[in-house]
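# Inside the fold
So you can see what is in the structure, the chains are spelled out below.
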Amino acid sequence: MKREDFVFSVGYQGESALVDSRAKSNYKNLDTRQLAEKGLFRAALCSALYSGKPEDEKAVVEEYNRISGADFNSIDQMKRLVGVYRVPEEISRIISL
């Protein structure tokens with residue numbers, strides 16, 4: 001699964017990922033921090049998980065706290081908030097919506 005497909009996925013159906021093609025088209029060139037700065041926290045979290053870089057995860061949590069006034073101190077809290085925990089390995093098909 002490509003980064004852009006994971007970042008802008010809106011759900012899954014079996015082995016297929018459902019991807020928001022409009023969001024993907026508009027924001028695919030933004031990095032993790034830029035997505036968070038735009039308030040696209042689900043996409044930013046997905047981007048951080050895809051990169052596997054702790055600094056990306058930290059940036060998402062920090063930006064969320066700054067904008068929302070929350071006091072999250074771990075990426076696990078962000079994962080629970082948006083319901084994304086990992087990059088799914090079982091996806092073999094992309095459906096653009």
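Above: the structure in question.
Thresholds, definitions, all that
- Residues numbered from 1 in each chain as written.
- Predicted model: local features only at pLDDT ≥ 70, side-chain atom pairs only at ≥ 80, totals over all residues.
- Heavy atoms only, no water.
- Pairing = 2+ DSSP bridges.
- Helix = DSSP H or I, 4+ residues; strand = E, 2+ residues; numbered from the N terminus.
- Axes fitted to C-alpha atoms, helices over the stretch in contact; angles between N-to-C directions.
- Contact = heavy atoms within 4.5 Å.
- Buried < 20%, exposed > 50% of the residue type's maximum accessible area, 1.4 Å probe, protein only.
- Phe/Tyr/Trp six-rings, centres within 6.5 Å; stacked < 30°, edge-to-face > 60°.
- Expected span 1.5 Å × (residues − 1).

## Comments concerning the sheet that holds strand β1 (residues 9–13)
Spatially, the three strands line up as an open sheet ordered β1-β2-β3, and their pairing is mixed. Every other strand in the sheet has two partners, leaving β1 and β3 (93–96) as the edge strands with one partner each. The average undirected angle you get between the axes of adjacent strands in this sheet is 25 degrees. Examined bridge by bridge, strand β2 (residues 16–19) and β3 share four bridges and lie parallel to one another. Residue pairing across strands places Ala-17 opposite Ile-94, the latter belonging to β3.

## Topic: the environment of Tyr-64
In this fold, Tyr-64 is placed in helix α5 (residues 54–68). Sequence spacing of Tyr-64 and Leu-40 is 24 residues, and the spatial spacing of their C-alpha atoms is 9.6 Å. If we ignore the near neighbours within four places in the chain, the residues touching Tyr-64 are Phe-41, Gly-69, Ala-70, Phe-72, Met-78 and Leu-81.

## Re the environment of Met-1
Residue placement: Met-1 occurs in the segment before α1 (3–7). The partly exposed category is assigned to Met-1, whose relative accessible area is 28%. Sequence separation between Met-1 and Glu-90 is 89 residues; the distance between their C-alpha atoms is 9.0 Å. Filtering out sequence-adjacent residues up to four positions away, Met-1 remains in contact with Phe-6, Tyr-12, Ala-17, Tyr-50, Pro-88, Ile-91 and Ile-94.

## Examining the packing of aromatic side chains
Scanning all chains against the criterion turns up three aromatic pairs. Summarising the aromatic geometry, the rings of Phe-6 and Tyr-50 are spaced 6.4 Å apart at their centres and angled 35 degrees between planes, so their arrangement reads as tilted. Of this pair, Phe-6 sits in helix α1 while Tyr-50 sits in helix α4 (residues 41–51), placing them 44 residues apart in sequence. What makes Phe-6 buried here is its relative accessible area of 1%. Classification of Tyr-50 as partly exposed rests on a relative accessible area of 34%. Relative to Tyr-64, the ring of Phe-41 lies with its centre 5.1 Å away and its plane at 90 degrees, an arrangement referred to as edge-to-face. Here the residue Phe-41 occupies a position in helix α4, and Tyr-64 occupies one in helix α5, the gap between them amounting to 23 residues. Overall, the relative accessible area of 17% leaves Tyr-64 in the buried class. Among the aromatic residues, ring-to-ring pairing joins Phe-41, Tyr-64 and Phe-72 into one connected group.

## Quick look at α5
It helps to recall that an α-helix has 3.6 residues per turn; residues three or four apart then point in one direction. Here α5 is 15 residues long and its end C-alpha atoms lie 21 Å apart, about the 21 Å a rise of 1.5 Å per residue gives. Taken together, the buried positions of α5 are Asp-56, Ala-59, Val-60, Val-61, Glu-63, Tyr-64 and Asn-65. On its buried face, α5 sits against α3 (32–37), α4 and α6 (75–82). Following α5 by one or two positions, Gly-69 has its phi on the positive side, about 85 degrees.

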